[in-house]
Amino acid sequence: MTKVALITGASKGIGAATALAFSQAQYEVVINYRDDHASANKLVDQIKQNGGAATAIAADVFTDAGVKKLFAQVEKQYSQIDVLVNNAGQPIETNFGQLTTTDITNSLTGNFSSAVMCSQTAIPLMKKGGSILFTGSIYGLNYGSNPNLILYSAGKAALINFAQSLAESYASDFRSNVVAPGYTKTPAWDGTTADDIARLLAQNLQAEWIQADEIANAFVFLAKSPHITGQTIVVDAGWQKIKTI
Ligand SMILES: NC(=O)c1ccc[n+]([C@@H]2O[C@H](COP(=O)([O-])OP(=O)(O)OC[C@H]3O[C@@H](n4cnc5c(N)ncnc54)[C@H](OP(=O)(O)O)[C@@H]3O)[C@@H](O)[C@H]2O)c1
């Protein structure tokens, strides 16, 4: 039977590249997204033209109702899944002096709680030997904090710890791992000036963008590695090395 991979936040960027990579690895893919119907449908068409199988499901996974809607549709169509990639996230700039508890709730909902709730809802559908995966960030690593994105960084750090707890609690059922990307070329950076991008990339040992398909390939590698669990793979063009010198 064909394996099924569900990727949240997959109409574009890292999520879309991950959907393509799982499709190339012979998985049937479920592309979750929130607003961009055109990009999600285009990706489904592209996968089908390449001989793969894909479905797009619009649902806001930052809400309980959206998570419920997504998994109800998945269960109806597939009954079981092999891989969940918790990829949807929201980097919101926060000024520490002015942030409120609402800011904290909003940021942690998008960067942490939504992945926890998707994982919890996915567990009854996970096939034995499957994988729950997370898109972390260099900012969530030890020494990775970013004072301009303190809540985002804290949420991504929490994801790494949560993935380890899941790995321990469900070791005989499925595996749980994180990919922590550095600066990766996606539409998320479209509004950033060339000067700011040059300044960011200069923080890497390799002053270059990481491509979204490199993150996607790390996810496929983890999904196919039966004895890697509770780990974080860092794909950062050497960012962490400089940060820890
Ligand atoms: N790019 C980087 O340099 C970088 C580095 C480290 C970590 N990350 C992490 O990588 C992940 C993806 O980032 P990206 O750069 O690929 O972003 P992106 O290009 O902006 O794409 C974001 C995707 O997430 C979807 N999405 C956003 N909110 C959603 C929600 N509430 N429910 C469902 N889908 C939602 C968007 O769908 P619609 O547009 O259809 O609404 C879109 O498909 C995030 O977790 C981010 O924190 C990115």
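All figures in this text were calculated on a predicted structure; none of them were measured in a lab.

## As for the packing of helix α3 (residues 64-78) against helix α4 (residues 101-122)
Two quantities define a packed helix pair, namely the angle between the helix axes and the distance between the axes.
Here is step 1: Direction vectors running N to C along α3 and α4 enclose 35 degrees, while the axes themselves pass 10 Å from each other. You can see that α3 and α4 cross each other, and the crossing is right-handed. Across the interface between the two elements, Asp64, Val67 and Phe71 of α3 pack against Met117, Cys118, Thr121 and Ala122 of α4.
Here is step 2: For the contact of α3 with α4, the per-class residue count stands at 5 nonpolar, 1 polar and 1 charged.

## Quick look at the site of the ligand
Here is step 1: Taken together, 28 residues lie near the ligand, and Gly9, Gly13, Arg34, Asp36 and Gly89 sit nearest.
Here is step 2: Contributions of two or more residues to the shell around the ligand are made by α1 (13-24) and β2 (28-33).
Here is step 3: Classifying every residue of the shell around the ligand by side-chain character gives 11 nonpolar, 12 polar and 5 charged.

## Here's the deal with the packing of α1 against helix α7 (residues 212-223)
Here is step 1: Here α1 crosses α7 at 50 degrees, and the two axes come no closer than 8 Å. In terms of axis orientation, α1 runs oblique to α7. Here α1 and α7 pass one another in a crossing that is right-handed. Of α7, the residues touching α1 (which contributes Gly13, Ile14, Ala17, Thr18, Leu20, Ala21 and Phe22) are Ala212, Asp213, Ile215, Ala216, Asn217, Phe219 and Val220.
Here is step 2: Tallied by class, residues from the contact of α1 with α7 come to 10 nonpolar, 3 polar and 1 charged.

Definitions and limits used
- Residues numbered from 1 in each chain as written.
- Predicted model: local features only at pLDDT ≥ 70, side-chain atom pairs only at ≥ 80, totals over all residues.
- Axes fitted to C-alpha atoms, helices over the stretch in contact; angles between N-to-C directions.
- Helix = DSSP H or I, 4+ residues; strand = E, 2+ residues; numbered from the N terminus.
- Left-handed = near helix turned anticlockwise from the far one by under 90°.
- Contact = placed C-beta atoms within 7 Å.
- Nonpolar A, V, L, I, M, F, W, Y, C, P; charged D, E, K, R; others polar.
- Near = placed C-beta within 6 Å.
- Parallel < 35°, antiparallel > 145°, perpendicular 65-115°, else oblique.

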